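Tertiary structure, described
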Amino acid sequence: MKNNGCIDAGREGCPCALAEYGKCLVCSKLSGGSCEDCNWQGSCIYTLYQQNGRKLVKARQDKTYEIAETKQYGENFKVFVLKADKGFCQKAQTAGAYVFVRASESEEWYGMPVSVLKAEPEKERLHLGISSCGPKSGSLLTAEKTLCVRGVYYNALSGMGGLDAEPEGSLIYAKGIAMAPLRNFLDGGTRYSQWLKNMNLYVDIDKVGFDFFKDYFGDLPVSSIHVKDFAGDGLCSMEEMGTNEKINVFSLTSPYYADKVEASAGKKIVRPTKGNMCCGEGVCGACTYDDETGKTIHRCKARI
């Protein structure tokens, strides 16, 4: 059975609701086939499902975390620093990590996906950047004491599987709060440092401001940072991209700019996952698309 893999396979929450409904992205037995079709190399998901009484394991639960600090970087942009338990922060310090967040007094459907900006396990602190773009994010910005958080989820970035483990260089485009996942790459130490070798960062700070960039990325070597106005100065050039396949390319931007970077790179890049993430569990279907074989892919679950 060919598949793109599942970001949650073998992790907390596996087997999930998709297994219960015969739609598992990894286990051929739990998706209408047989064990002979299986190419999964981890712990047998079907066995785990059987041992759990043929039902999903306990799903990720909402947790209410106290707001330890609020940093205002603009009229419509804040960073909330939450008092979160150490274990949660350790899970959140992963490339592509995100959580669902809502104001504690809001209804469940107000939960929105937010990439983890920074996780500090030793300090038990979780940093989330919120930029107002609609009713959900607008309601979050009014929070003062607590936020309701569900997670951790891991598929905020696509293209991770295409990264060269021994690149000659790395090229990163970042704009707005979409640059948040970069902090987890930088904090991941030896887990991720090889992907960012000889880094060149082209950053547009128009929507977040200099103070935010200084606070969260001020530790980067000045020589690696190139501040640009993407709209006015342009974004990509083949000279910057190069033709070297040994360069890892990231576009931590809106889909508009990420599409341009990917087209210029001529190869798969790391970029925010496309799709409207509404549940994170592969159930709602808001982020699904059909691949070239007609198979329905859940962007929130599948490794793309």
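The structure this text deals with has already been given above.
Everything numeric here is computed off the predicted structure, so don't read it as measured data.

Another point: the side chain of Asn-248. In this structure, Asn-248 sits in strand S11 (residues 247-252). Here Asp-164 takes part through its backbone nitrogen, which lies 2.8 Å from a polar atom of the side chain of Asn-248. Polar side-chain contacts of Asn-248 include one of 3.3 Å to the backbone oxygen of Trp-195. Excluding residues that lie within four positions of it along the chain, Asn-248 makes contacts with Leu-163, Asp-164, Pro-167, Gly-169, Ser-170, Leu-171 and Trp-195.

Take the sheet that holds strand S5 (residues 125-131) next. Ordered in space as S1-S2-S5-S4-S3-S6, the 6 strands form a closed barrel in which the pairing is antiparallel. Adjacent strand axes in the sheet meet at a mean angle of 45°, parallel and antiparallel pairs treated alike. The pairing of strand S2 (residues 77-83) with S5 spans 7 bridges and is antiparallel. Within the sheet, the bridge partner assigned to Lys-78 lies in S5 and is Ile-130. Each of strand S1 (62-74), S2, strand S4 (112-120) and S5 touches helix H6 (residues 210-217); the most contacted strand, S1, lies at about 125° to it.

With that out of the way, let us pick up the sheet that holds S11. Read from one edge of the open sheet, 4 strands run S10-S9-S8-S11, paired in parallel fashion. Taken across any chain shown, the strands that pair with only one partner, and hence form the sheet edges, are strand S10 (225-227) and S11. Direction aside, the axes of adjacent strands within the sheet are offset by 15° on average. Note that strand S8 (residues 169-175) and S11 share 6 bridges and pair parallel. Note that in S11 the partner of Gly-169 across the bridge is Ile-247. Sheet contacts for helix H9 (residues 255-265): S8 and S11; angle to S11, the most-contacted strand, approximately 165°.

Burial analysis of S8 places 7 of its 7 residues in the buried class, which makes it a mostly covered element. The alternating pattern of S8 places Gly-169, Leu-171, Tyr-173 and Lys-175 and Ser-170, Ile-172 and Ala-174 on opposite faces, both of which are buried. Pairing of S8 with strand S9 (residues 199-204) involves 6 bridges; the strand directions are parallel. Directly across from Ser-170, in S9, lies its bridge partner Met-199. The β-α-β motif built from S8, the intervening helix H5 (residues 181-187) and the parallel element S9 has right-handed crossover chirality.

So, about the pattern of salt bridges. Scanning the entire structure with this criterion turns up 17 salt bridges. Of the charged contacts in the structure, one is a salt bridge between Lys-301 and Asp-8, with a shortest N-O distance of 2.9 Å. A residue pair is termed long-range when its members are at least 10 positions apart, and Lys-301 in the segment after strand S14 (296-298) and Asp-8 in the segment before helix H1 (17-20) qualify at 293 residues. Comparing Lys-301 with Asp-8 shows no difference in burial state: the two are buried. Here Asp-187 ties to Lys-118 by a salt bridge, and the two come within 3.1 Å at their closest N and O atoms. Of this pair, Asp-187 sits in helix H5 while Lys-118 sits in strand S4, placing them 69 residues apart in sequence. Exposure remark for Lys-118: the relative accessible area of 19% places this residue in the buried category. In the salt-bridge network here, residues are joined through shared partners; they are Asp-8, Arg-60, Glu-281 and Lys-301.

This brings us to H9. Inspection of H9 places Tyr-257, Ala-258, Val-261 and Ala-265 among the buried residues, and these make up the whole buried set. In an axial view of H9, the angular spread of the buried residues amounts to 100°, which keeps them on one side of the axis. Turned more than 90 degrees away from the buried face of H9, the exposed residues are Tyr-256 and Ala-263.

What follows concerns the nonpolar core. Judged by nonpolar contacts, the single largest core of 31 residues is most densely connected at Phe-185 and Phe-212. Sorting the residues of this core by element identifies S2, S8, H5, S9, H6 and S11 as the ones contributing at least two each. Per-element accounting of this core gives the leading share, 4 residues, to H6. Each residue touching Phe-212, except ones within four places of it in the same chain, is listed here: Tyr-73, Phe-77, Val-79, Leu-117, Ile-177, Met-179 and Phe-217.

Residue Val-152 is bonded to the preceding Gly-151 through a cis peptide linkage, with omega at 5°. One can find Val-152 in strand S6 (residues 146-153). In this structure, Glu-124 takes a positive phi of about 55° despite not being glycine. On the secondary structure map, Glu-124 appears in the loop between S4 and S5. The class of Glu-124 is partly exposed, set by a relative accessible area of 38%. Here the phi dihedral of Asn-198 falls at roughly 50°; this positive angle occurs in a residue that is not glycine. One can find Asn-198 in the loop between H5 and S9.

Conventions we followed
- Residues numbered from 1 in each chain as written.
- Predicted model: local features only at pLDDT ≥ 70, side-chain atom pairs only at ≥ 80, totals over all residues.
- Heavy atoms only, no water.
- Helix = DSSP H or I, 4+ residues; strand = E, 2+ residues; numbered from the N terminus.
- Polar contact = N/O pair within 3.5 Å; in protein donor to acceptor, adjacent residues only side chain to side chain.
- Contact = heavy atoms within 4.5 Å.
- Pairing = 2+ DSSP bridges.
- Axes fitted to C-alpha atoms, helices over the stretch in contact; angles between N-to-C directions.
- Buried < 20%, exposed > 50% of the residue type's maximum accessible area, 1.4 Å probe, protein only.
- Right-handed = clockwise from strand over helix to strand, strands pointing away.
- Salt bridge = Lys/Arg side-chain N within 4 Å of Asp/Glu carboxyl O.
- Arc of directions from axis to C-beta.
- Core = buried A, V, L, I, M, F, W, Y, C linked by side-chain atoms within 4.5 Å.

By themselves these figures say nothing about function.
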